[in-house]
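# Summary of the model geometry
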Amino acid sequence: YAVMSAKDNDKRDPRDWVLKGSKDGESWTVLDRRSGESFSHRCMRREFRISQPDDYSHYRLDVTRNHGADLTQFAELYLFERSGK
């Protein structure tokens, strides 16, 4: 998966987050956990690997901390299909 920073204030960039997946929209599995992440420039796309991917119909990105702003903002969240399937 990938996260892209927004065009404006870098203090709004996500810093800590948890990506979760669900097959039914009710029971969630933690797919990846990140802390202390940063984006060196605006509209920067950073890719992250999920160590044990599976097929889910629902995804949730829980951002738990940004870089100090009152709001959190990012431009896009990309979800990629598993290769070798």
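Quick look at the structure, then. Keep in mind that this is a model prediction, so the values were computed, not measured. (Residues numbered from 1 in each chain as written. Predicted model: local features only at pLDDT ≥ 70, side-chain atom pairs only at ≥ 80, totals over all residues. Heavy atoms only, no water.)

A few words on the sheet that holds strand S2 (residues 14-22). The antiparallel open sheet is built from 3 strands, whose spatial order is S3-S2-S5. The open sheet terminates on both sides in strands that have one partner only, identified here as strand S3 (29-34) and strand S5 (58-66). Put simply, the sheet's adjacent strands are angled 20° from each other on average, direction ignored. Taken together, the 5 bridges between S2 and S3 define a ladder with antiparallel strand orientation. Following the sheet pairing, Trp17 is matched in S3 by Arg34. (Pairing = 2+ DSSP bridges. Helix = DSSP H or I, 4+ residues; strand = E, 2+ residues; numbered from the N terminus. Axes fitted to C-alpha atoms, helices over the stretch in contact; angles between N-to-C directions.)

Counting 10 residues, the largest nonpolar core consists of Tyr1, Val3, Trp17, Leu19, Leu31, Phe39, Met44, Phe48, Tyr56 and Leu61. Setting aside anything within four residues of it in sequence, one finds Phe48 in contact with Tyr1, Val3, Trp17, Asp32, Arg34 and Glu37. (Core = buried A, V, L, I, M, F, W, Y, C linked by side-chain atoms within 4.5 Å. Buried < 20%, exposed > 50% of the residue type's maximum accessible area, 1.4 Å probe, protein only. Contact = heavy atoms within 4.5 Å.)

Next up on the list: unusual backbone geometry. The residue Cys43 is not glycine, and still its phi comes out positive at about 55°. Looking at Cys43, the relative accessible area reads 37%, which means it is partly exposed.

Per the stated rule, a full pass over the model turns up 10 salt bridges. The shortest N-O distance in the salt bridge between Arg15 and Asp16 comes to 3.8 Å. Given the relative accessible area of 27%, Arg15 is considered partly exposed. Between Asp54 and Lys23 there is a salt bridge, with the nearest N and O atoms lying 3.3 Å from each other. Highlighted residues: Asp54 in the loop between strand S4 (45-47) and S5 and Lys23 in the loop between S2 and S3, separated in sequence by 31 residues. Connected through salt bridges with shared partners, the residues Asp32, Arg34, Glu37 and Arg46 form a single ionic network. (Salt bridge = Lys/Arg side-chain N within 4 Å of Asp/Glu carboxyl O.)

Right, let's talk about the packing of aromatic side chains for a bit. A full pass over the atoms with the stated rule returns 4 aromatic pairs. For the pair Tyr56 and Tyr59, a centre-to-centre distance of 6.1 Å together with 80° between the ring planes defines the contact as edge-to-face. When its relative accessible area of 34% is taken as the criterion, Tyr59 is described as partly exposed. The interplanar angle of 10° and the centroid separation of 6.4 Å between the aromatic rings of Tyr78 and Phe80 together place this pair among those described as stacked. Overall, the relative accessible area of 43% leaves Phe80 in the partly exposed class. Members of the aromatic cluster, joined through ring pairs, are Tyr1, Trp17 and Phe48. (Phe/Tyr/Trp six-rings, centres within 6.5 Å; stacked < 30°, edge-to-face > 60°.)

Turning our attention to the sheet that holds strand S6 (residues 76-78). Spatially, S4-S1-S6 is the arrangement adopted by the 3 strands of the open sheet, whose pairing is antiparallel. For this open sheet the edge positions go to S4 and S6, each flanked by a neighbour on one side alone. Across the sheet, the mean angle from the axis of one strand to that of its neighbour is 15°, orientation sign disregarded. Both strand S1 (residues 2-4) and S6 contribute to a ladder of 3 bridges, which runs antiparallel.

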